[in-house]
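# Inside the fold
Letter by letter, the chains look like this.
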Amino acid sequence: MASAEAAGQQPHPDPATDGKPARTTVREAVRELDRERVDHRFKGLPPDAADAGLTVGELAAQHRDLHTGGFTTPVLTLDGEALDHNLAALAAFCDRHGLEFAPHGKTCMAPRLFERQLEQGAWGITVAMPHQARVCRAFGIRRIFLANELVDAPALHWVAAELAADPEFEFVAYVDSVRGVALMDAALAGRTTRPVDVVVELGAGAEGRTGVRTAAECMDVARAVAAAPTLRLAGVAGYEATMPGADADSVREWLRSLTALAADFDAAGLFKGTGLERIVVSAGGSEWFDAVAEVFAAIPELSLPVQRLLRSGAYVSHDHGWYSGLTPFNRHPEEGGLLPAFRLWTQVVSRPTPGQAFVNAGKRDIAYDLGLPEVLAVRGADGTERPGTGITVTKLSDQHAWLETAPGTALEVGDRVALGMAHPCTIFEKWPLIPVTGPDGTVTELVRTFF
């Protein structure tokens, strides 16, 4: 994988400043976030910090205790040790299997975590939408993989301007239709001296999400790219987890189709004479990266070096209840493992009956698209923490979670209840500033998100 220096220590020209570097490094750009004022937009943060006009960095430097330092409930936290563990686990997996890594940034949209991923050797950052790419560029990211077909003309104009302003900026996007190629070419005409690199997206089965459905149609799209002066065919890509009923056999079969497609394009001479330095073959979320590693290891020799690019994103925080059951590390524990990093601390605000309680967090605060949260722990008024045994979340309102309590369960108004949630993508998006906690519960830093 790319070195941290290569990935994170490079200037970021901005067209708005006539191509002069707006920031010299990703690190410097991220450190600017520490100078942002704490204010009342940020859920869960201490009101006195906002009232005193503290910056994010000043608040973090105080190392306040999450439970006694003025933080209000609900408040989402990230466990610092779990973050460190997960970042290292995927970096080590990629190193062992000869994969380069472009983690999916849309999961967290947190430049501070992007920086950590680049420091661990990531090649670049994957995004799904143009505004996510713009966030990456604003924080100095030099390599962006957009895992979507991009046919929005203003967004393409922005890409062209970025490519023109910075000769070292690398950008790759999906194409999945001949019409999409035509729209891209028309939008880019006369706007860039460098062609935009694109990869043909192979759909994950006949009923998958996006992507071209057959090898013959893929070849048609690839030839259309080759004929478009503003585009350059860079390889093939897709996302296997959208395949209905995916299992180990069907995923491997699809991955072999993807790698065969790269060989077909190469045999047809579609990469020849384009100035391309490597053929991109990319796949992989957080569910099947073991299959990606296995099949990509068998890619035959092509006319150019192959960039085997993995794009997992949810691994960074992991979760309770979804990816915890799907991660490939469950199948291959000898390869490592991931730790759930999120805890949402709530507080009991009503205990109307012996079998019922309500905490002060609901749909506005909790990810619920992949299941209701689970109760991890209860912290009593004396500061003692105990397991959340006998307590179940049964329903969510906008600002409340409904809890069912087993007979004899000790739970009082004022107790703090920690919830674990599924699906990192919809957890991160609800929280603009997230405290990171150390082993003793002190807040060591704050992670800013941009959704």
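What you see is a predicted model; the values in this text were computed from it and never measured.

Look at helix 5 (residues 80-97): 26 Å from first C-alpha to last across 18 residues, which is about the 26 Å you get at 1.5 Å a residue. Restricting attention to buried positions, one finds in helix 5 the residues G80, A82, L83, N86, L87, A89, L90, A91, F93 and C94. For helix 5, the elements touching its buried residues are strand 3 (75-79), strand 4 (100-101), helix 6 (111-119), helix 12 (289-296), strand 11 (306-310) and strand 19 (433-437). Put simply, D79 is the residue that caps the front of helix 5, since its side-chain oxygen is 3.0 Å from the backbone nitrogen of E81. At the C-terminal side of helix 5, G98 shows a positive phi close to 65 degrees.

Here T230 lies in the loop between helix 10 (215-227) and strand 9 (231-237). Residues T230 and T192, 38 residues apart in the sequence, show an inter-C-alpha distance of 7.4 Å. Beyond its immediate sequence surroundings of up to four residues, T230 is in contact with M184, D185, L188, A189, P195 and V196.

On to the pairing of strand 18 (residues 416-420), then. Here strand 18 lies mainly inside the structure; 5 of its 5 residues are buried. Across 4 bridges, the pairing between strand 12 (residues 342-353) and strand 18 is antiparallel. Bridge assignment links T346 to a residue of strand 18, and that residue is V417. Sheet analysis places strand 14 (residues 374-379) next to strand 18, joined by 5 bridges and oriented antiparallel. What sits directly across from A377, in strand 18, is A418.

A separate point is the packing of helix 11 (residues 248-267) against helix 12. It is at 10 Å that the axes of helix 11 and helix 12 come closest, and there the two elements cross at 45 degrees. One element, helix 11, and the other, helix 12, form an angle in the oblique class. Where helix 11 crosses over helix 12, the handedness of that crossing is right-handed. Of helix 12, the residues touching helix 11 (which contributes V251, R252, L255, R256, L258 and T259) are D290, A291, V292, E294, V295 and F296.

Of the residues in the chain, 95% have a pLDDT of 70 or more, and the chain-wide mean is 93. Here residues 1-23 is a poorly scored stretch, pLDDT under 50, and it has 59 contacts once near neighbours within four places are set aside; other chains count.

Another point: the nonpolar core. Membership of the largest hydrophobic core comes to 128 residues, with the highest contact counts inside it found for F145, F171 and F265. With near-sequence residues (within four places) excluded, F265 lies in contact with V200, C218, M219, A222, L233, G235, V236, L270 and F271. By size, the runner-up hydrophobic cluster in this structure holds 19 residues, among which are A50, F71, L376 and V443.

The subject of this paragraph is the pairing of strand 12. Taken together, the 4 bridges between strand 3 and strand 12 define a ladder with antiparallel strand orientation. Residue pairing for strand 12: T77 is matched across the bridge by R343. For strand 12 and strand 13 (residues 356-359), the ladder comprises 3 bridges, and the chain directions are antiparallel. Pairing of V348 across the sheet is with V359, part of strand 13. Hairpin connection from strand 12 to strand 13: 2 residues lie between these consecutive antiparallel strands.

For the rest of this paragraph, the subject is the packing of helix 5 against helix 6. Look at helix 5 against helix 6: their axes get within 9 Å of each other, and the N-to-C directions meet at 45 degrees. One finds that helix 5 runs oblique with respect to helix 6. Two packed elements cross with a definite hand, and for helix 5 against helix 6 that hand is right-handed. Along the contact surface, helix 5 presents L83, D84 and L87, while helix 6 presents L113, R116 and Q117. Looking at the contact of helix 5 with helix 6 residue by residue, the classes come out as 3 nonpolar, 1 polar and 2 charged.

So, on to the side chain of R143. Structurally, R143 can be placed in strand 6 (residues 143-149). When its relative accessible area of 17% is taken as the criterion, R143 is described as buried. A distance of 3.2 Å separates a polar side-chain atom of R143 from the backbone oxygen of W123.

Here we come to helix 11. For helix 11, with 20 residues, the first-to-last C-alpha span of 29 Å sits near the 28 Å given by 1.5 Å per residue. Listing the buried residues of helix 11 in full gives S250, V251, R252, W254, L255, L258, T259, L261, A262, F265 and D266. Buried residues along helix 11 sit in contact with strand 8 (196-201), helix 10, strand 9, strand 10 (279-283) and helix 12. At the C-terminal side of helix 11, G269 shows a positive phi close to 75 degrees.

Our next topic: unusual backbone geometry. Note the cis peptide between T73 and P74, where omega equals -5 degrees. Positionally, P74 belongs in the loop between helix 4 (56-61) and strand 3. In this model, H63 sits at a positive phi of 50 degrees, which is unusual for a non-glycine residue. Of note, H63 is situated in the loop between helix 4 and strand 3. Exposure remark for H63: the relative accessible area of 45% places this residue in the partly exposed category. A positive phi angle, close to 80 degrees, is found at H423, a residue other than glycine.

For the rest of this paragraph, the subject is the pattern of salt bridges. Summed over the entire model, instances satisfying the criterion amount to 24 salt bridges. Where E115 meets R27, a salt bridge forms, and the shortest distance between an N and an O atom there is 3.5 Å. With E115 in helix 6 and R27 in helix 2 (residues 26-31), this pair connects stretches of sequence that are 88 residues apart. For R27, a relative accessible area of 34% translates into the label partly exposed. The partner of R27 in a salt bridge is E119, and the shortest N-O contact between them spans 2.4 Å. Of the two residues, R27 sits in helix 2 while E119 sits in helix 6, which places them 92 residues apart along the sequence. Salt bridges sharing partners connect three or more residues here, namely D34, D84, R112, R116 and E445.

Rules used throughout
- Residues numbered from 1 in each chain as written.
- Predicted model: local features only at pLDDT ≥ 70, side-chain atom pairs only at ≥ 80, totals over all residues.
- Heavy atoms only, no water.
- Helix = DSSP H or I, 4+ residues; strand = E, 2+ residues; numbered from the N terminus.
- Expected span 1.5 Å × (residues − 1).
- Buried < 20%, exposed > 50% of the residue type's maximum accessible area, 1.4 Å probe, protein only.
- Contact = heavy atoms within 4.5 Å.
- Polar contact = N/O pair within 3.5 Å; in protein donor to acceptor, adjacent residues only side chain to side chain.
- Pairing = 2+ DSSP bridges.
- Axes fitted to C-alpha atoms, helices over the stretch in contact; angles between N-to-C directions.
- Parallel < 35°, antiparallel > 145°, perpendicular 65-115°, else oblique.
- Left-handed = near helix turned anticlockwise from the far one by under 90°.
- pLDDT = per-residue confidence, 0-100.
- Core = buried A, V, L, I, M, F, W, Y, C linked by side-chain atoms within 4.5 Å.
- Nonpolar A, V, L, I, M, F, W, Y, C, P; charged D, E, K, R; others polar.
- Salt bridge = Lys/Arg side-chain N within 4 Å of Asp/Glu carboxyl O.

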